[in-house]
Amino acid sequence: MRIPLSNPDITNLERKEILKVLKTPYLALGPKLKEFEKKIAQYIGTKYAVAVNSGTSGLHLLIQALGIKKGDEVITTPFSFIASANCILYEGARPIFVDIDPSTLNIDPDKIEKAITKKTKAMVIVDVFGHPADWDQILKIAKKYKLKIIEDSCEAIGAQYYSKIKRKWIKCGNFGQAAIFSFYPNKQITTGEGGIIVTNNKKIAEICQSMANQGRKIKNSQWLEHIRLGYNYRMSELQAALGLAQISRINEILKKREKVAKIYNKYLAEIPEIKIPYTASWAKISWFVYVIQLSKKYHRKDRDQIINNLKKAGIQCSNYFQSIHLQPLYKKLFNYKRGSFPIAESISDRTIALPFYNSLTETKIKYIVKKLKQFLIKK
Ligand SMILES: Cc1ncc(COP(=O)(O)O)c(C=O)c1O
């Protein structure tokens, strides 16, 4: 038996939509791209959406569009995929990490103010593992200190946050000046590679669209006229067609993922050595991954051994995430050491992302849980 860590949910609809595009002359910058952008903007509830070729490209464009530059400081979380901090480095600014809340695994709003200096310009706030950050508190701080916010919602399409201030549920992607979603194949919906920026700010949308397309003008553009420094961060028509089929199925997809998570919860809740994923009362998770935490009596090497044993039994799993500040690049650049962000470090040492995808069956989950119990080194 080999159980993958993730597995995209591709049906005949997706295959048919891609084939349709292949029968047209438009493989790039065609009608599917525009339609996909419109559908995502509608789904999230923003005025604009700009499709790009990855979540990382989208983050990079947003850092530029918000005018973040060398010498600026940008607050973010150490417990994320490396791109949420790298995008700050791309423009010569400095990521300032703030430790996380041990329950939600998102940046701890109570620790943000201490990290703000005269150089702080913005925050890159991640909705990690599809669980929204605590936005009421974060937005209050941003307002008080006039900080811009990029919402890294790469892992959280469809997640919702209950705002006590606005007294309503709000979809992730609506916080801050702009947000980004990723469509890498392990995400809830995929375009193979891809991402999309969403915003209510026309200027940000236009700058991002221009920069993603070699710095061309948005309207009345001459193909070889370039008005600003740009990149080729474009999404192709084939990717957009795949994305359109996927977004048309998003409710079904998110329900399937929730069902798989609930089956895991049922089998894992009673194991004292394991903490199952937490959901705050003000959060509706969009299930991206299923990450358990071993109890505090386990050390990193115990966890790594369990992961290796699971892999040998054909169960793909991973140590989601290794804290960004302890990545070799960040240790080299900023001299970070263990102890800098103790909560993120302690959790990073004890997480295991288990196989998680829409078609994962209860039988397979039972097998995974059986093996996991077997490999839990008795402490
Ligand atoms: C939190 C977070 N930010 C950014 C990214 C980057 O997205 P992509 O892989 O599409 O470049 C990811 C994707 O893995 C992510 O999980």
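Asker: Give me the lowdown on the site of the ligand, citing residues and values where you can.
Answerer: In the neighbourhood of the ligand, 14 residues make up the surrounding shell, with T56, D152, E155, S182 and K187 lying closest. One nitrogen or oxygen atom from the side chain of S182 is found 2.8 Å from an oxygen atom belonging to the ligand. Here the ligand loses 92% of its free accessible area of 380 Å² to cover by the protein chains. Counting residues per element, the shell around the ligand draws most heavily on helix α3 (residues 55-65), which supplies three residues.

Asker: Before we move on, could you go through the sheet that holds strand β4 (residues 120-126) and cite the residues and values that matter?
Answerer: Hydrogen bonds between backbone groups are what pair the strands of a sheet, and the pairing can be parallel or antiparallel. Within the open sheet, the seven strands sit side by side as β1-β9-β8-β5-β4-β2-β3. Their pairing is mixed. Edge positions in the open sheet fall to β1 (48-52) and β3 (94-97), since each of these has one partner strand only. Looking at each pair of strands side by side, their axes are set apart by 25° on average, direction ignored. Judged from the four bridges that link them, strand β2 (residues 73-76) and β3 form a sheet pairing that is parallel.

Asker: I'd love a proper account of a nonpolar patch on the surface, names of residues and values included.
Answerer: On the surface, a nonpolar cluster with roughly 280 Å² of combined accessible area is contributed by L19, L22 and L27. Tracing the sequence through the fold places L19 in helix α1 (residues 12-22).

Asker: Talk me through the state of the cysteines; I want residue IDs and the actual numbers.
Answerer: Applying the stated criterion across every chain yields a total of zero disulfides. Not part of a disulfide, C172 finds its nearest cysteine sulfur in C154, a span of 12 Å. On the accessibility criterion, C172 (0% relative accessible area) is buried.

Asker: Which residues make up the pattern of salt bridges, and what values do they have?
Answerer: In the structure shown here, the tally under the stated rule is 19 salt bridges. The salt bridge partner of K20 is E17, with a shortest N-O separation of 3.1 Å. With K20 and E17 both in helix α1 and three residues apart, the pair spans about one turn of that helix. Using a relative accessible area of 14% as the deciding quantity, one classes E17 as buried. Where E113 meets K144, a salt bridge forms, and the shortest distance between an N and an O atom there is 2.9 Å. Here the residue E113 occupies a position in helix α5 (residues 112-115), and K144 occupies one in helix α6 (residues 135-145), the gap between them amounting to 31 residues. Judged by relative accessible area, which is 57%, K144 ranks as exposed. Connected through shared salt-bridge partners, D9, E14, R249, E252 and K256 make up one network.

Asker: How would you explain the sheet that holds strand β13 (residues 351-354) if you had to name every residue and give the values?
Answerer: Spatial ordering of the open sheet is given by β10-β12-β13, a layout of three strands whose pairing is antiparallel. The open sheet terminates on both sides in strands that have one partner only, identified here as β10 (274-275) and β13. Here helix α9 (residues 250-268) sits on the sheet in contact with β10, β12 (290-294) and β13, set at roughly 20° to β12. Packing against the sheet, helix α10 (residues 300-312) makes contact with β12 and β13, and its axis sits at approximately 20° to β13.

Asker: So what about the environment of P95? Which residues, and what values?
Answerer: Mapped onto the fold, P95 is located in strand β3. When the C-alpha positions of P95 and K217 are compared, they lie 31 Å apart, and in sequence the two are 122 residues distant.

The rules behind each value
- Residues numbered from 1 in each chain as written.
- Predicted model: local features only at pLDDT ≥ 70, side-chain atom pairs only at ≥ 80, totals over all residues.
- Heavy atoms only, no water.
- Near = heavy atom within 4 Å.
- Polar contact = N/O pair within 3.5 Å; in protein donor to acceptor, adjacent residues only side chain to side chain.
- Areas by Shrake-Rupley, 256 points an atom, 1.4 Å probe, with all protein chains shown as cover.
- Helix = DSSP H or I, 4+ residues; strand = E, 2+ residues; numbered from the N terminus.
- Pairing = 2+ DSSP bridges.
- Axes fitted to C-alpha atoms, helices over the stretch in contact; angles between N-to-C directions.
- Patch = residues over 30% accessible without salt bridge, like charges linked within 9 Å, V, L, I, M, F, W, Y side chains within 5 Å.
- Salt bridge = Lys/Arg side-chain N within 4 Å of Asp/Glu carboxyl O.
- Disulfide = S-S within 2.5 Å.
- Buried < 20%, exposed > 50% of the residue type's maximum accessible area, 1.4 Å probe, protein only.
- Contact = heavy atoms within 4.5 Å.

In short, the description is geometric, and any link to function would need to be established separately.
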